[in-house]
Amino acid sequence: MGNFLEVTIETVIDKIEDSYAELTRLIENLPEAQLTAPNLSNGWSVKDVMAHISAWEWRCASLLDEAHDSDLPLQAEPDVDALNKEAYEERKNWSWEEVNFDSRAAHRSLLAAIRQMPPRRLQNEVVARSIAVETWGHYEEHLQELRRWHTRL
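Residues numbered from 1 in each chain as written. Predicted model: local features only at pLDDT ≥ 70, side-chain atom pairs only at ≥ 80, totals over all residues. Heavy atoms only, no water.

**What about the environment of Ile-16?**
- Looking at the element boundaries, Ile-16 is found in helix H1 (residues 9-27).
- Separated by 119 residues in the primary sequence, Ile-16 and Thr-135 have C-alpha atoms spaced 6.2 Å apart.
- Those residues within four positions of Ile-16 in sequence are excluded, and the remaining contacts are His-107, Leu-111, Ile-114, Ile-131, Thr-135, Trp-136 and Tyr-139. (Helix = DSSP H or I, 4+ residues; strand = E, 2+ residues; numbered from the N terminus. Contact = heavy atoms within 4.5 Å.)

As structure tokens, then:
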């Protein structure tokens, strides 16, 4: 029996891009001072959030590259707090320009990794869940706060 909702690479990418577009719309054309000020509830800046998202996109792209034939790379349970702390420490002194460049590169790398996935692998529950959690699911976690921040501007 066929899958009624055929998941294609382009439908996955469209969903990611729709969600990612809101992130970029909220921050585009704003002064660097607003993007780098630690005005979010956890003491982070918008720059820190974008650097954080990029770190996870790089990680997801890398895992997808390794998961063409196996779910094992995607089934590892990372220490999320440790990874978040490591990514923050590594990037906290980066300029907005560096973070913005890295963010775009990470996003392109993630999309390339998805495009290189064998199409049958996108039907796999582990692969599909990993992509969803690390992309639009992760963006949504941060979009809520970024929307509130943007409204206060």
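**A closer look at the side chain of His-138**
- Take His-138: it is sitting in helix H9 (residues 136-152).
- Within the local environment of His-138, its side chain forms a polar contact with the side chain of His-142, the two groups lying 3.2 Å apart.
- Aside from chain neighbours lying at most four places away, what touches His-138 is His-52, Ile-53, Trp-56, Ala-132 and Val-133. (Polar contact = N/O pair within 3.5 Å; in protein donor to acceptor, adjacent residues only side chain to side chain.)

**Some thoughts on the pattern of salt bridges**
- Evaluation of the coordinates by the stated rule reveals 9 salt bridges.
- Note that Glu-22 is salt-bridged to Arg-147, the shortest N-O span being 2.7 Å. Here Glu-22 is found in helix H1, whereas its partner Arg-147 is found in helix H9, with 125 residues between them in sequence.
- Under the relative-accessibility criterion, Glu-22 is labelled partly exposed at 23%.
- Arg-91 serves as the salt-bridge partner of Asp-102, at 3.8 Å between the closest nitrogen and oxygen. Of this pair, Asp-102 sits in helix H6 (residues 96-115) while Arg-91 sits in helix H5 (residues 80-91), and the two are 11 residues apart along the sequence.
- For Asp-102, a relative accessible area of 12% corresponds to the buried category.
- Taking the relative accessible area as the measure of exposure, Arg-91 reaches 9% and is therefore buried.
- Residues joined in a network through salt bridges with shared partners are Glu-22, Glu-140 and Arg-147. (Salt bridge = Lys/Arg side-chain N within 4 Å of Asp/Glu carboxyl O. Buried < 20%, exposed > 50% of the residue type's maximum accessible area, 1.4 Å probe, protein only.)

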